[in-house]
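Inside the fold
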Amino acid sequence: MSLNIEEEINQFLIEKKGPEDIADLLFQKIVLNNEKLDSKNNDKFLSFLMRSGRSDLILQYYQHNIQNKKFYWNRAYFIYGLIKSYPKLDEELEEIIKSSLGSAQNDQHWIEASRTKIADKIFPKLKTVRKKLKELHKKTYDKKREELLHKFELFRSQQLIEPAKEVLKRLEKIFPKDIELKRISYSFSQQDAEAIFEKYKTKKKGTINKPKNDPDVEITRQALEKNLLTDLEKYSKEYQDLVILCLFIESYECALKIFKRSHADFNNVWLYVEILMKNKRFLEVLHILPIIEKNLSDDPETFSSSTYCRAICFWNLGEKNSALEVLESLINSRPNYRSAEVLFQEWQKI
């Protein structure tokens, strides 16, 4: 099993060793024990030696492995170590570098060496190779962007809203600084919300017979709500508990009023979403969810929670097919999301 360079470095840091001392200790451990590093740990070790200013150890490391046919010969670090150790290279050392690069036709060696700029003056071709690589990467990214945009436009033109959203998310993840994509995303979100709102406005509302509340309970609840709102300043530090209390006793409007007067920060955004949904303000939730997904993208639960809420909003706004599509996509990505699975089964019966 290959030595884990990161773990070794962290252990030495815990022991309060300096970078140069760590470089020495790592080098001794690897060489004396004849450790065979895989390509990933090999690069990490050489990178640490470089950042520690130990170009001498880089050359010694290559010298130690010169007979090892399986050694991963990273030419960028070798060239860096040689030039740093001998800044005024003579013809003999220059020939050594040329030999390590091989023939001009051996592109892979030159691509490896182009990772460092230190030899650009000696070998101008390295700069050319690096430029071509950047152009190639740009072409690859541009092609990927064009393909995904085409896919997005196709889904949108066919009114396949959820697949279009998924493609748009991929685009924003790959190209986070693309201004045009930000405009497309904003425009698409606005159109989606407006379309849902129009359908919701024109939809005929059916009459729902709700059971009447006990009059005494209703009077008590109203009195409690009034007292809470009147004396809210006294309980400013317990506003979250008061909001949860209101949700528990089904005083949803009161919960919303308390929350809005509490000046809560973004950390309580999911509580705000729950309050809005209890108050059947589903369009507001649909507007908030993209903001939550962007700001809490590092949290692995954000996608699942926002997708679940989006499905419920669509369902309650009459977009039942969209709701089922969203929930199905969540179940496919998170097979163990029990709440989504149960809800999906219930909705299919309706």
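Residues numbered from 1 in each chain as written. Predicted model: local features only at pLDDT ≥ 70, side-chain atom pairs only at ≥ 80, totals over all residues. Heavy atoms only, no water.

Observations regarding the side chain of Arg310
With respect to the helices, strands and loops of the structure, Arg310 is situated in helix 16 (residues 302-316). When residues no more than four places from it in sequence are discounted, the contact partners of Arg310 are Glu162, Lys165, Lys169, Leu286, Leu289, Pro290 and Glu293. (Helix = DSSP H or I, 4+ residues; strand = E, 2+ residues; numbered from the N terminus. Contact = heavy atoms within 4.5 Å.)

Comments concerning the pattern of salt bridges
Using the criterion set out here, one finds 13 salt bridges in the structure. Of the charged contacts, one joins Lys138 and Asp142 as a salt bridge, the two residues approaching to 2.9 Å between their closest N and O atoms. Residue Lys138 and its partner Asp142 are both found in helix 8 (residues 125-157); the two are separated by four residues, about one turn of the helix. By relative accessible area, Lys138 is classed as exposed at 52%. Classification of Asp142 as partly exposed rests on a relative accessible area of 37%. One salt bridge in this structure joins Arg145 and Glu180, with 2.9 Å as the shortest N-O distance. Of this pair, Arg145 sits in helix 8 while Glu180 sits in helix 10 (residues 179-202); the two residues are 35 residues apart in sequence, bridging distant segments of the chain. You can call Arg145 buried: its relative accessible area is 17%. Each of Glu166, Lys169, Glu293 and Arg310 takes part in one network of salt bridges that share partners. (Salt bridge = Lys/Arg side-chain N within 4 Å of Asp/Glu carboxyl O. Buried < 20%, exposed > 50% of the residue type's maximum accessible area, 1.4 Å probe, protein only.)

Overview of unusual backbone geometry
Residues other than glycine seldom take positive phi values, yet Glu250 does so here, at roughly 65°. Checked against the element boundaries, Glu250 lands in the loop between helix 12 (239-248) and helix 13 (252-261). Backbone geometry at Lys280 places phi at a positive 60°, although glycine is not the residue there. For Lys280, the position within the fold is in the loop between helix 14 (269-278) and helix 15 (282-295). Judged by relative accessible area, Lys280 falls into the exposed class, the value being 53%.

Structural notes on the packing of helix 16 against helix 18 (residues 338-349)
One way to put it is that helix 16 packs onto helix 18 with a least axis distance of 11 Å and a crossing angle of 20°. Relative to helix 18, the element helix 16 lies roughly parallel. Of the two possible hands of crossing, helix 16 and helix 18 adopt the one that is left-handed. Of the residues in helix 18, those touching helix 16 at Tyr308, Ala311, Ile312 and Trp315 are Ser339, Ala340, Leu343 and Trp347. When the residues that make up the contact of helix 16 with helix 18 are grouped by side-chain class, the tally is seven nonpolar, one polar and no charged. (Axes fitted to C-alpha atoms, helices over the stretch in contact; angles between N-to-C directions. Parallel < 35°, antiparallel > 145°, perpendicular 65-115°, else oblique. Left-handed = near helix turned anticlockwise from the far one by under 90°. Nonpolar A, V, L, I, M, F, W, Y, C, P; charged D, E, K, R; others polar.)

Focus on the packing of aromatic side chains
Taken as a whole and assessed by the stated rule, the structure comprises three aromatic pairs. Ring plane angle 80° and centroid distance 5.8 Å describe the contact between Tyr141 and Phe175, whose orientation is recorded as edge-to-face. Of this pair, Tyr141 sits in helix 8 while Phe175 sits in the loop between helix 9 (161-174) and helix 10, and the two are 34 residues apart along the sequence. Under the relative-accessibility criterion, Phe175 is labelled buried at 12%. For the pair Trp315 and Trp347, a centre-to-centre distance of 4.4 Å together with 0° between the ring planes defines the contact as stacked. With Trp315 in helix 16 and Trp347 in helix 18, this residue pair connects regions lying 32 residues apart in the sequence. Taken as a pair, Trp315 and Trp347 share a single burial class, namely buried. When the ring centre of Trp315 is taken as origin, the NZ or CZ atom of Lys320, which lies over that ring, is 4.9 Å away. (Phe/Tyr/Trp six-rings, centres within 6.5 Å; stacked < 30°, edge-to-face > 60°. Lys NZ or Arg CZ within 6 Å of the ring centre and 35° of its normal.)

Points about the nonpolar core
Ranked by internal contacts, the top residues of the largest apolar core, which has 44 residues, are Val243, Ile258, Ile275, Met277, Leu327 and Trp347. Among the secondary structure elements, those contributing two or more residues to this core are helix 11 (215-230), helix 12, helix 13, helix 14, helix 15, helix 16, helix 17 (320-333) and helix 18. In contact with Leu327, other than residues within four places in its own chain, are Tyr308, Ala311, Ala340, Leu343, Phe344 and Trp347. Listed in part, the 25 residues of the second largest apolar core include Phe45, Leu49, Leu59 and Leu82. (Core = buried A, V, L, I, M, F, W, Y, C linked by side-chain atoms within 4.5 Å.)

Concerning helix 13
Because an α-helix packs 3.6 residues into every turn, residues spaced three or four apart end up facing the same way. Looking at helix 13, one finds that the buried residues are Cys254, Ala255, Leu256, Ile258 and Phe259. Among the residues trailing helix 13, His263 stands out with phi positive, at a value near 55°.

With respect to the state of the cysteines
Taken as a whole and judged by the stated rule, the model has zero disulfides. Free of any disulfide, Cys254 has its nearest cysteine sulfur in Cys246, 3.7 Å distant. Residue Cys309 stays outside any disulfide, its sulfur separated by 6.6 Å from that of Cys313, the closest cysteine. (Disulfide = S-S within 2.5 Å.)

Observations regarding the confidence of the model for the chain
Mean pLDDT over the chain: 77, with 77% of residues reaching 70 or higher. Per-element confidence in the chain is highest for helix 14, whose mean pLDDT is 90, and lowest for helix 6 (residues 91-101), whose mean pLDDT is 65. Here residues 204-208 is a poorly scored stretch, pLDDT under 50, and it has zero contacts once near neighbours within four places are set aside; other chains count. (pLDDT = per-residue confidence, 0-100.)

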